[in-house]
Amino acid sequence: MRPAFAAALAKGVRTHMLSREEVALLLRAEGEEAAALLRAADRVRAGYLGEKVHLRAIIEFSNYCGNNCLYCGLRRDNRLLFRYRMSLDEILAAARQARTAGYRTIVLQAGEDPAYSAGELARLIRRMKDELDVAVTLSLGDRSRSDYRRLREAGADRYLLKHETADPVLFARLRPGTTLEKRLERLRWLQELGYQVGAGNMVGLPGQTIETLADDILLLQELRVEMAGIGPFIPHPDTPLAGAPAGSLEMTLKVLAVTRILLPYTFLPATTAVATLAPDGRQRALQAGANVVMPDLTPPPYRRHYALYPGRNRPVGEGTASFAWWVQEMARMGREVTADYGHIPRGSGSAHG
Ligand code: SAM
Ligand code: SF4
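What you see is a predicted model, and the numbers here were worked out from it, not measured in a lab.

A. Examining the packing of helix 1 (residues 3–15) against helix 3 (residues 31–49) more closely. The geometry of helix 1 relative to helix 3 is characterised by a closest axis approach of 11 Å and an angle of 10 degrees between their N-to-C directions. Classified by the angle their axes make, helix 1 and helix 3 are roughly parallel. Here Phe5, Leu9 and Val13 of helix 1 come into contact with helix 3, specifically with Glu33, Ala36, Leu37, Ala40 and Val44. Classifying every residue of the contact of helix 1 with helix 3 gives 7 nonpolar, no polar and 1 charged.

Here is the structure:
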């Protein structure tokens, strides 16, 4: 191992603070150095968060989207996608099923679909909180501050709004009509409103560099996010990025590992995108710093149409969404599924908070 690499890794583990150059040095690790980086992240995860794995049931209730992100199969201009919207009763029924199965967090995700008013969503959230006694996470993209406030007042606990990339030029190119600045402003609103907040980025976006990835990680640290979704970009054939190469599993694991080292308490999912890239992707992510899994509890008739990228709905070895299957799967890895809400301590985004 090169002395400079060993020094940066040791400093990261000890202080949870690194410069952009040091982060980039860690991300360039190969072979023995990469293995040491992932092992170090696994130890940080074990030391700060233990062996617990949190299961979050995700219900993807609409694949309509008014946005036109270049990378996403749900983009407005993709006319080949069969579109669906679940009714509020269907969403509640799916949430009830998830709760009965043992899940204590329900994630509601969708394209940016104005067909669901803030009032309707607020009533749904209120019913979920009252009847099901679950933590509710939202991932509904950009909405107004007053919508976010209404949903929070209705009882929503968390909000996932990935910053996607910390490069403002790349952001504006990939998400036409939107800016990184506005996205960050929304993340601040969500924090002010008292949500537990998640950001995160894709790895392997065309035009992204190692330095951009270093900026992604440092931005997560600056934002002191409670959650960070980090997954590979996977090209969708019916998008403008159809011909671009996918992000690599190796680089995704390294980004996850450095994030774990710099944000020791932040909740990091082993994403579906990682599981889509390789049969053992999920397991390797859980051994490189991740502590959350988000099984898909979208009702089967709709699930395959939530096609952000190909192969998404068939991660290997996850034929069932059964809670018991996950408990067994995690036990095989020496990990333990928790039965609590999995709330994240406020201000835990950095070791110094
Ligand atoms: N519409 C909301 C938003 O954009 O925040 C929530 C749903 S969106 C489909 C959820 C996430 O999917 C995005 O944050 C993005 O990172 C991810 N995603 C979209 N297309 C992808 C692709 N081709 N490869 C990997 N991840 C992708
Ligand atoms: Fe819509 Fe989200 Fe896909 Fe962008 S990433 S097109 S906002 S669903």
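B. Representation of the site of ligand 2 within the structure. Contacts to ligand 2 come from Cys65, Asn67, Cys69, Tyr71, Cys72, Leu74, Arg75, Gly111, Glu112 and Arg175. With respect to the pocket detection grid, ligand 2 is positioned in the largest cavity. Looking at the shell around ligand 2 residue by residue, the class counts come to 5 nonpolar, 2 polar and 3 charged.

C. Summary view of the pairing of strand 2 (residues 57–62). Extensive coverage of strand 2 is indicated by the burial of 6 of its 6 residues. A crossover connection joins strand 2 to the parallel strand 3 (residues 105–110) through helix 4 (residues 88–101); in handedness this β-α-β unit is right-handed.

D. Geometry of the site of ligand 1. Taken together, 17 residues lie near ligand 1, and Tyr71, Lys162, Glu164, Arg183 and Ile234 sit nearest. Contact distances for ligand 1 include 2.8 Å between a nitrogen atom and a backbone N or O atom of tyrosine 71. In the model, a nitrogen atom of ligand 1 is placed 2.7 Å from a nitrogen or oxygen of the isoleucine 234 main chain. Within the complex, 93% of the 560 Å² of free accessible area of ligand 1 lies under protein. Judged by the fraction of its atoms near the pocket grid, ligand 1 is located in the largest cavity.

E. Highlighting the sheet that holds strand 8 (residues 292–293). One open sheet holds the 3 strands; their spatial order is 8-1-9, and the pairing between them is parallel. Strands with a single pairing partner mark the edges of an open sheet, and in this sheet they are strand 8 and strand 9 (336–337). Of the pairings in the sheet, the one linking strand 1 (residues 52–55) to strand 9 comprises 2 bridges and is parallel in character. Considered in strand 9, the bridge of lysine 52 is made with glutamate 336.

F. Spotlight on helix 3. Over its 19 residues, helix 3 extends 27 Å from the first C-alpha to the last, a length consistent with the 27 Å expected when each residue adds 1.5 Å. Along helix 3, the positions that sit buried rather than exposed are Glu33, Ala34, Ala36, Leu37, Leu38, Ala40, Ala41, Val44, Arg45 and Leu49. Contacts made by the buried residues of helix 3 are with helix 1, helix 2 (20–27), strand 1, helix 10 (249–262) and helix 12 (281–286).

G. Quick look at the sheet that holds strand 2. Pairing is parallel in the open sheet, where 6 strands are placed in the order 2-3-4-5-6-7. Pairing within the sheet leaves two strands with one partner each, and these edge strands are strand 2 and strand 7 (227–232). Neighbour to neighbour, the strand axes of the sheet diverge by 20 degrees on average, direction disregarded. In terms of strand pairing, strand 6 (residues 196–203) meets strand 7 through 6 bridges, oriented parallel. Of the residues in strand 7, the one forming a bridge with asparagine 201 is isoleucine 230. Across the face of the sheet, helix 10 comes into contact with strand 6 and strand 7 while running at roughly 165 degrees to strand 7.

H. Up close: empty space enclosed by the protein. For the structure shown, the criterion picks out 3 cavities of 30 Å³ or more. The volume enclosed by the largest cavity comes to roughly 1000 Å³. Lining the largest cavity are 46 residues, with Gln109, Ser139, Lys162, Glu164 and Leu308 positioned closest to its centre. Counting residues per element, the ones that place at least two in the lining of the largest cavity are strand 2, strand 3, strand 4 (135–139), strand 6, strand 7 and helix 11 (272–277). Residues that form the lining of the largest cavity fall into these classes: 26 nonpolar, 11 polar and 9 charged.

I. Focus on the packing of aromatic side chains. Using the criterion set out here, one finds 8 aromatic pairs in the structure. Aromatic pair tyrosine 84 and tyrosine 302: ring centres 4.8 Å apart, planes at 25 degrees, arrangement stacked. Placement of the pair is tyrosine 84 in the loop between strand 2 and helix 4 and tyrosine 302 in helix 13 (residues 300–303), with a sequence separation of 218 residues. Residue tyrosine 84 shares its accessibility class with tyrosine 302, and that shared class is buried. Seen from their ring centres, tyrosine 103 and phenylalanine 323 are 5.0 Å apart, and the 85 degrees between their planes marks the pair as edge-to-face. Of the two residues, tyrosine 103 sits in the loop between helix 4 and strand 3 while phenylalanine 323 sits in helix 14 (residues 323–332), which places them 220 residues apart along the sequence. Stacked on the ring of tyrosine 64, the Lys or Arg arginine 85 has its end atom at 3.8 Å from the ring centre. Here the basic side chain of arginine 152 rests over the ring of tyrosine 195, its NZ or CZ set 5.7 Å away from the ring centre.

Reading guide: rules and limits
- Residues numbered from 1 in each chain as written.
- Chains lettered and ligands numbered in written order.
- Predicted model: local features only at pLDDT ≥ 70, side-chain atom pairs only at ≥ 80, totals over all residues.
- Heavy atoms only, no water.
- Axes fitted to C-alpha atoms, helices over the stretch in contact; angles between N-to-C directions.
- Helix = DSSP H or I, 4+ residues; strand = E, 2+ residues; numbered from the N terminus.
- Parallel < 35°, antiparallel > 145°, perpendicular 65-115°, else oblique.
- Contact = heavy atoms within 4.5 Å.
- Nonpolar A, V, L, I, M, F, W, Y, C, P; charged D, E, K, R; others polar.
- Near = heavy atom within 4 Å.
- 1 Å grid on protein atoms, 1.4 Å probe; cavity = no way out; pocket = protein on both sides within 12 Å on 5 of 7 lines; lining within 4 Å.
- Sits in = over half its atoms within 2 Å of the grid points.
- Buried < 20%, exposed > 50% of the residue type's maximum accessible area, 1.4 Å probe, protein only.
- Right-handed = clockwise from strand over helix to strand, strands pointing away.
- Polar contact = N/O pair within 3.5 Å; in protein donor to acceptor, adjacent residues only side chain to side chain.
- Areas by Shrake-Rupley, 256 points an atom, 1.4 Å probe, with all protein chains shown as cover.
- Pairing = 2+ DSSP bridges.
- Expected span 1.5 Å × (residues − 1).
- Points joined across faces, edges and corners; volume = space filled by probe spheres on them.
- Phe/Tyr/Trp six-rings, centres within 6.5 Å; stacked < 30°, edge-to-face > 60°.
- Lys NZ or Arg CZ within 6 Å of the ring centre and 35° of its normal.

These figures capture arrangement, not role.
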